[in-house]
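# Close look at the chain arrangement
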Amino acid sequence: MQGGIGDIFTGRGSSGGPSLGDAQKKVDANPRDAEALRELATALQTEGRLDEAVPVLDRFARLRPRDDAALRELATLYVSRAGRLRSEAQQAQARAQFANPDADLLPPTSTPLGQALADRPISNAIASQAQAELSSKIQAMQEAFRKAQETYQRIVVLRPEDAPTQLELADAALNAGDTPVAIAAYKRFLELAPDDPQAPLVEEQIKRLEGSGTSSSG
């Protein structure tokens, strides 16, 4: 696939693909032109504007729902976005802990000493802001994984016998918090590829997920 996300990570595609301006003009002239949308998505990725490429590629995929290559590219973009958001969430968590490192060691705020030590408006404000950012990033990360899950589900409809896609679906669903879909996809992977080197690890993952579900429901 020329000019796609793989070319970005290898540093190719900047000269051979469509220019961003030309591609945008084509889409502006005809928003339902599938080929124009595909060119624009590729041009945006080549420019490193991955988040902007996502809705464009999604529009293309809805016009060409059986283009599994575009769907795989779209799923990869969602997973890439989720990974970036996870990193940003970890940074926000670190800032919160740095701003208020002794929070767990302080006396209860119900005591006079605890109230006095807790009265650190600047540190508390920084920690509060970081916690809010952390929550926002986690929600956005889960939404990106959910979108990836939905996209992989569209792919497995087109390619029901493709074992690697079942693994990708399972991993996306697990990160999105959809354990039942993850378990079903892992089991389908084992049906399709029982002798795969990853099969024992997948079996262990299924046992852990089913065990945690049983313990939490009991």
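Above this text is the structure in question.
Only a predicted model underlies this, so the values are computations on that prediction, with no experimental measurement involved.

### Quick notes on the overall build of the protein
Counting its secondary structure elements, the protein contains ten helices and zero strands. From first element to last, N terminus to C terminus, the protein shows the α and β order α-α-α-α-α-α-α-α-α-α. Looking at the protein as a whole, 34% of its 218 residues qualify as buried. A sequence separation of at least 24 residues applies to 56% of the contacts in the protein between residues at least 6 apart. Looking at the protein as shown, the accessible area adds up to about 12,500 Å², and 52% of this sits on carbon and sulfur atoms.

### Looking at the environment of I206
In this structure, I206 sits in helix α10 (residues 199–217). A relative accessible area of 7% places I206 in the buried class. The spatial distance from the C-alpha of I206 to the C-alpha of I183 is 6.0 Å, given a sequence separation of 23 residues.

### A few points about the packing of helix α2 (residues 20–29) against helix α3 (residues 34–46)
At their nearest, the axes of α2 and α3 sit 8 Å apart, and the two run at 150° to each other. With respect to each other, α2 and α3 are oriented roughly antiparallel. In the crossing of α2 with α3, the sense of the turn from one axis to the other is left-handed. Of the residues in α3, those touching α2 at L20, A23, Q24, K26 and V27 are A36, L37, E39, L40, A43 and L44. Residues that form the contact of α2 with α3 fall into these classes: eight nonpolar, one polar and two charged.

### Details of helix α8 (residues 163–176)
It helps to recall that an α-helix has 3.6 residues per turn; residues three or four apart then point in one direction. With 14 residues, α8 extends 20 Å from end C-alpha to end C-alpha; this agrees with the ideal 20 Å at 1.5 Å per step. Those residues of α8 that fall on the buried side of the exposure criterion are A163, T165, Q166, L167, L169, A170, A172 and A173. Once α8 finishes, G177 follows within two positions and takes phi at roughly 90°, a positive value.

### Things to note about the nonpolar core
Generally speaking, a soluble globular protein has its nonpolar side chains buried in company with each other. With 44 residues, the main nonpolar core has L57, Y152, Y186, F189 and V202 as its most contacted residues. Sorting the residues of this core by element identifies α2, α3, α4 (50–63), α5 (68–99), α7 (121–158), α8, α9 (179–192) and α10 as the ones contributing at least two each. Every residue in contact with Y152, bar those within four places of it in the chain, is listed here: A75, V79, T165, E168, L169 and A172. L85, M141, A144 and F145 belong to the second-largest nonpolar core, a separate cluster that totals five residues.

### Regarding α3
Its 13 residues give α3 an end-to-end C-alpha distance of 18 Å, which sits within 8% of 18 Å, the value for a rise of 1.5 Å per residue. Of the positions making up α3, those classed as buried are A34, A36, L37, R38, L40, A41, T42, A43, L44 and Q45. For α3, the capping residue at the N-terminal end is D33, with a side-chain oxygen 3.1 Å from the backbone nitrogen of E35. Two residues or fewer after α3 comes G48, characterised by a positive phi angle close to 80°.

### What about the pattern of salt bridges?
Scanning all chains against the criterion turns up 19 salt bridges. Where D51 meets R84, a salt bridge forms, and the shortest distance between an N and an O atom there is 2.6 Å. Of this pair, D51 sits in helix α4 while R84 sits in helix α5, and the two are 33 residues apart along the sequence. Salt-bridge contacts for R146 lead to E143; the nearest nitrogen and oxygen are separated by 2.5 Å. Of this pair, R146 and E143 both sit in helix α7, three residues apart, roughly one helical turn. Where salt bridges share partners, they join D51, R81, R84, E88 and K137 into one cluster.

### Some details on the side chain of T151
With respect to the helices and strands, the residue T151 is situated in helix α7. Among all residues touching T151, those that are not within four sequence positions of it are L71, L74, A75 and Y78.

### Here we look at the packing of aromatic side chains
In the structure shown here, the tally under the stated rule is zero aromatic pairs. Lying over the aromatic face of F60, R38 brings its terminal NZ or CZ to 5.6 Å of the ring centre.

### So, the packing of α3 against α4
Look at α3 against α4: their axes get within 8 Å of each other, and the N-to-C directions meet at 160°. Taken together, α3 and α4 sit at an angle that is classed as roughly antiparallel. As for how α3 packs across α4, the hand of that crossing is left-handed. Residue-level inspection shows A34, L37, R38, L40, A41, L44 and Q45 of α3 in contact with α4, the latter providing L50, E52, A53, V56, L57, R59, F60 and L63.

The rules behind each value
- Residues numbered from 1 in each chain as written.
- Predicted model: local features only at pLDDT ≥ 70, side-chain atom pairs only at ≥ 80, totals over all residues.
- Heavy atoms only, no water.
- Helix = DSSP H or I, 4+ residues; strand = E, 2+ residues; numbered from the N terminus.
- Buried < 20%, exposed > 50% of the residue type's maximum accessible area, 1.4 Å probe, protein only.
- Contact = heavy atoms within 4.5 Å.
- Areas by Shrake-Rupley, 256 points an atom, 1.4 Å probe, with all protein chains shown as cover.
- Axes fitted to C-alpha atoms, helices over the stretch in contact; angles between N-to-C directions.
- Parallel < 35°, antiparallel > 145°, perpendicular 65-115°, else oblique.
- Left-handed = near helix turned anticlockwise from the far one by under 90°.
- Nonpolar A, V, L, I, M, F, W, Y, C, P; charged D, E, K, R; others polar.
- Expected span 1.5 Å × (residues − 1).
- Core = buried A, V, L, I, M, F, W, Y, C linked by side-chain atoms within 4.5 Å.
- Polar contact = N/O pair within 3.5 Å; in protein donor to acceptor, adjacent residues only side chain to side chain.
- Salt bridge = Lys/Arg side-chain N within 4 Å of Asp/Glu carboxyl O.
- Phe/Tyr/Trp six-rings, centres within 6.5 Å; stacked < 30°, edge-to-face > 60°.
- Lys NZ or Arg CZ within 6 Å of the ring centre and 35° of its normal.

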